[in-house]
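Fold and geometry: a report
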Number of protein chains: 2
Amino acid sequence: MAETAALADTLKNLIDVAEGRAPADMLITNVCIVDVYGHRVVGGRVAVAGGCIASVLFDDRDAAVPDPAAAEVVDGAGRYLTPGLIDGHLHIESSNIRPAEYARMALTRGTTCAIADSHEIANVAGTGGLSFMIEDARRAPLAIKFMMPSCVPALPDEQAGAEISAADMRAFMAAHPREVFGLGEMMNTPGVFAADGETLARIAAAGDTVSGLVDGHAPLVAGADLNAYAAAGIIADHECTDPAEALDKLSRGMYLMLREGTCSHDLDVLAPLVVEDPARARRCCFATDDRAPSDAFAEGMIDNALRRAVAAGIDPVTAVAMATLSPAELFGFDHGHAPASERRGAVAPGKRADLLLWDDLTFAAPPAAVYAAGCLVAEAGRFVGAVAPEDARLRALADELRGSVKLPALSLEAFSYPFRPGEAVIDAIPGKAITGCVRPRTEAGLRRIMLIERHGRGAAAQAAGADGDGPAGLGLVGRHIGCGWVRGYDISRGAIASTIGHDSHNVCVLGDNPADMLAAVRAVGQGGHVLVRDGEVVAKVDLPLGGLMSDKTAEEVAREHDAFVAAARQMGIQPPLDPIMGVIFLPLPVIPALRIRPEGVFDVSAMSYV
Amino acid sequence: MAETAALADTLKNLIDVAEGRAPADMLITNVCIVDVYGHRVVGGRVAVAGGCIASVLFDDRDAAVPDPAAAEVVDGAGRYLTPGLIDGHLHIESSNIRPAEYARMALTRGTTCAIADSHEIANVAGTGGLSFMIEDARRAPLAIKFMMPSCVPALPDEQAGAEISAADMRAFMAAHPREVFGLGEMMNTPGVFAADGETLARIAAAGDTVSGLVDGHAPLVAGADLNAYAAAGIIADHECTDPAEALDKLSRGMYLMLREGTCSHDLDVLAPLVVEDPARARRCCFATDDRAPSDAFAEGMIDNALRRAVAAGIDPVTAVAMATLSPAELFGFDHGHAPASERRGAVAPGKRADLLLWDDLTFAAPPAAVYAAGCLVAEAGRFVGAVAPEDARLRALADELRGSVKLPALSLEAFSYPFRPGEAVIDAIPGKAITGCVRPRTEAGLRRIMLIERHGRGAAAQAAGADGDGPAGLGLVGRHIGCGWVRGYDISRGAIASTIGHDSHNVCVLGDNPADMLAAVRAVGQGGHVLVRDGEVVAKVDLPLGGLMSDKTAEEVAREHDAFVAAARQMGIQPPLDPIMGVIFLPLPVIPALRIRPEGVFDVSAMSYV
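Criteria and thresholds
- Residues numbered from 1 in each chain as written.
- Chains lettered and ligands numbered in written order.
- Predicted model: local features only at pLDDT ≥ 70, side-chain atom pairs only at ≥ 80, totals over all residues.
- Heavy atoms only, no water.
- Contact = heavy atoms within 4.5 Å.
- Buried area = accessible area lost by both parts, 1.4 Å probe.
- Salt bridge = Lys/Arg side-chain N within 4 Å of Asp/Glu carboxyl O.
- Polar contact = N/O pair within 3.5 Å; in protein donor to acceptor, adjacent residues only side chain to side chain.
- Axes fitted to C-alpha atoms, helices over the stretch in contact; angles between N-to-C directions.
- Helix = DSSP H or I, 4+ residues; strand = E, 2+ residues; numbered from the N terminus.
- Parallel < 35°, antiparallel > 145°, perpendicular 65-115°, else oblique.
- Left-handed = near helix turned anticlockwise from the far one by under 90°.
- Nonpolar A, V, L, I, M, F, W, Y, C, P; charged D, E, K, R; others polar.
- pLDDT = per-residue confidence, 0-100.
- Least-squares fit on C-alpha atoms with pLDDT ≥ 70 in both.
- Pairing = 2+ DSSP bridges.
- Buried < 20%, exposed > 50% of the residue type's maximum accessible area, 1.4 Å probe, protein only.
- Right-handed = clockwise from strand over helix to strand, strands pointing away.

Taken together, the contact pairs 79 residues of chain B with 79 residues of chain A. Taken over both partners, the interface formed by chain B and chain A buries close to 6,100 Å², and the fraction arising from carbon and sulfur atoms is 54%. Applying the counting criterion to the chain B and chain A interface returns ten salt bridges. Inspection of the chain B/chain A interface yields 39 residue pairs in polar contact (both at pLDDT 80 or more).

All names here are of chain B. Closest axis-to-axis distance for the helix α12 (residues 302–311)/helix α13 (residues 316–323) pair is 9 Å, and the angle between their directions is 150°. Accordingly, the angle class assigned to the pair α12 and α13 is roughly antiparallel. Here the hand of the crossing between α12 and α13 comes out right-handed. Across the interface between the two elements, Ile 302, Leu 306, Ala 309 and Val 310 of α12 pack against Pro 316, Ala 319, Val 320 and Ala 323 of α13. Classifying every residue of the contact of α12 with α13 by side-chain character gives eight nonpolar, no polar and no charged.

Turning our attention to the side chain of Arg344(B). Residue and element names in this part refer to chain B. For Arg 344, the location among the structural elements is in the loop between α14 (325–330) and β14 (355–358). Separated by 2.9 Å, the side chains of Arg 344 and Glu 342 make a polar contact. Discounting residues that sit within four places of it in the chain, Arg 344 has contacts with Ile 86, Cys 113, Ala 143, Lys 145, Ala 328, Phe 333, Asp 334, Lys 351, Arg 352 and Asp 354.

On average, residues of chain A score 96 in pLDDT, and 100% of them reach the 70 mark or higher. Under the prediction, the complex receives an ipTM of 0.94, its pTM being 0.95.

Looking now at the relation of the copies chain B and chain A. The transform that puts chain B on chain A rotates by 180° and translates by 0.0 Å along the axis, for an RMSD of 0.0 Å. With respect to symmetry, the two chain copies, as superposed, fit the operation of a two-fold axis. In terms of proximity to the rotation axis, the leading residue of chain B is Ala279(B), whose C-alpha is 3.1 Å off the axis. Interface residue correspondence from chain B to chain A reaches 100%, placing this contact among same-surface, isologous pairings.

A few words on the sheet that holds strand β28 (residues 608–609) of chain A. All names here are of chain A. Across the sheet, which stays open at both edges, the three strands sit in the order β26-β27-β28 with antiparallel pairing between neighbours. The open sheet is flanked by β26 (594–597) and β28, the only strands paired with a single partner. Pairing of β26 with strand β27 (residues 600–603) involves four bridges; the strand directions are antiparallel. Bridge pairing in β27 links Arg 595 to Phe 602.

Residues and elements named next belong to chain A. The buried fraction of strand β6 (residues 85–90) amounts to six of the six residues, a majority that puts the element mostly inside the structure. Pairing of β6 with strand β7 (residues 111–117), which is carried by four bridges, proceeds in the parallel orientation. Counted as the bridge partner of Leu 85 is Thr 111 from β7. With helix α3 (residues 99–108) bridging β6 and its parallel neighbour β7, the resulting β-α-β unit is right-handed.

This is how it looks when you write it as structure tokens:
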């Protein structure tokens, strides 16, 4: 009843402001409002009160309505006013920064709401990792909605650092009421197709989340399997790489998230689906999935998707609706049980005042101004909001994530395996999460790739005598150390290693010689990306939090990342391949075709080792 | 947890059928599927299991997938397959039949889900009336979602038969968990504009309903008032009569319901909004609001709206989406917390198997077949489903509604008031709920209209001596008997009376002479529409349940209605004016401009008596 009384008070204030009986906190005048409902751009004024929009006055109909009184009047100077952007699916950890830093960065690019799946840290540290993410996010004015990672580990037999069962999910949600927004991307597609009991129990557990939604991840799934997947109620997919595949999913009731990240660039290929028939835009959104800070600062995030969508021929108002109204409808933000402070996706009365001012609708530059719940938080790409300091409780949660790298002892012999002519080789495809499979006759143009378990299993097996009298680590090969070959990643005279290796985050190392590979693995320490050339560490990004996230600012990590990429480019890794993203997704066992796992090279389509 | 286990079992069955491991209950082959998500028509097959869709196979992509095994195979013979139609807003009582009869009738026209506001019976009998509606509806296979009437009475000072406060709503919902779907049309617009405490408490009470939604009713509301109304979170409006008004509301985040009923025909005038920009269709639905059975059988219901929408130039797939996907998104049926059996609005896996087969997409004839939750319930306009008989509990609820007409004694003198030149006269507008105001100098072309309180207030005042020594009823004029004049309702040598008089359902009588008016009022008995000519009752529709609903079948009531209308046409009431709907809405005090109330003629815009 107290909640109801508060709701009635909020409504009363909004109504009083709309009717001119109470002053607004802010009045924005002289703007061209992008009206995603009416599908038009129209001049007008917007009054904000208590963090929400109280009134929208359109010049074509409301010119005679006097300006509402307001504590602050902002002259929009004829700029375009849009709702704040919603990122439909992303992993904060993939930006290698903490949630509060991610928030600072994303807000400068107009993202005011992000649906985050903390799948990465959960694979290292379980629900403790999720608790850290939730608490750190509270420090900053970005609304981050946390999904419960559905597949920790990504496949039942993955060697991850933690496991989250349906029962674990329910226990966490009971202990943290209303903190879990939905169930994160269901990537255990075989579990769904088989109607596996534990998988269905996890899907059913989504009923306890705020939205009740289950997000999807179903690359190349079609036919009977796609029907099974959609029948399970899974509502969205961000893994489409082909318009026919995308239409297949759209027609089954799944929202499409056109992904434009750092590793995966699917927007251009999918845009024709909307250009061809804009009616489909109602069920299409944008997502970054994984976005490096350097790219975020250089090109943008969802604003970058907007820019590319418009460049691809999607009408700007439709593109804005895809970044705002469509995800709002998807996630239950537009209407329903949500109070005004949780209603998003449009410049309309009774919605949260997440508002962006733009110089034009090409989205070439970041928003001129970003308001989150009515507060100015960014101007022209610069963060001007407030981030609360870390408190003792949060520090303790962060400290739990340190010291997560527990590697076995390793010798050069473990890295010195031979190439077998005709063996299945991973074919890296720049700009795509999917990989191919090739079977070359010689090792010309190939590089070694290894995945080394780092959560303590390999070290324990070693302590139990797995290596016998042989060289350190050799006895773990095929069990905790996977060895293979990759084509399309042309590193020379060196190696790259990382404690990020999707999704179990074992240490992935790739190079053209065993010595540099061993040196790179040894240099990861308590977490990070490492680049070794001729035996020397030439670049490093420290990631002490779970081996995934830095303690530094987004800007610092971006600079470290840029230096790292520059060094990698010197070693032969050429665009469009991203040196880091191009490595760390190669272990991901839920995206076709071939992947590296601690047991060896894995065929995702056949769900078996080659 | 039992609910969760049941959910997992349902999912398992759907998945097993989709994957071909278990037989479907029904397979529909050889159909052209109207795909509202992909916005296209494409050949395919649909498998149904447990009342839900397990699998949709499209010829363009899934031709190689074998037919799922099925207990029954239905050859669609190349017909069009659409989702079941959703009526976004309606009053069952306005069809003068019980809910189970309404269901039988609506299903024959392809409506498989109806959002019903039992505002009428609630104004007579309070929440007891709502209980009757809910229980009677259970007998038939139409999914009727009952809203809690928000404005009983319609305005605080209305002389209705009952009152439902916010506290009453909460008590009813606590006693009937999950039976109330949302809050019905908020027609007390002055209460919203004023941020009246009781009004806001009712809006806040919507949080306890299944959907959390508040439906709207805001004819001609604009500017600051419209902002206040939308800021209150009111999500839809079915009262638009002008495209500019409609766009105004659409842009404020309100869904538009294009109404095509018996009294109000707003579709043709609003269709250009969608023809001009089909992107707006995502927030546009259809509603019948009030539909006489004779019209329903002759022209249809939402299928009639579809037919007219297509005729008005809306693309058929868009029109189907407006009748299915758009209301499904509005009401939370598409996705979210709803289980598969409550997901509607598309032919897609994991949705309820509410399916229609059509000969063509002009919607000229009723659907060739109607499936409700996978069961065949109608064929070519004929109901073939099952309706359960009335049980003792339901009979008791029905009996509570009988004997509701408590009129005062009346004499001819009460009907014999003079015309005052220049007085404000109600201008009836055929096909519109709104009325005009005229001030004629003479009574040429005018008719008398009276509203007589019938819930016992007038009778009690009379017993307390209100008439003094004067003629019966004369002392009640201006307090419990309102007298006025109307233009545009050309009845001759007689009168029409009804126990339906929106929304308080006092007795409304209209005629060209006092004697026939008195005779008509006397003939209403325990409820009904009465037509008197030259002193004789020439037509009657008995409505013993609350004075609103018949005990007879929809077909019988349609025949009675047709006979009534035919008799009225003989008395000078010409199309497009509906003789019954044209009278019974004249008392409605929440639609501009002039109305008749028990106190006299009322100016809705000024909220005062003239």
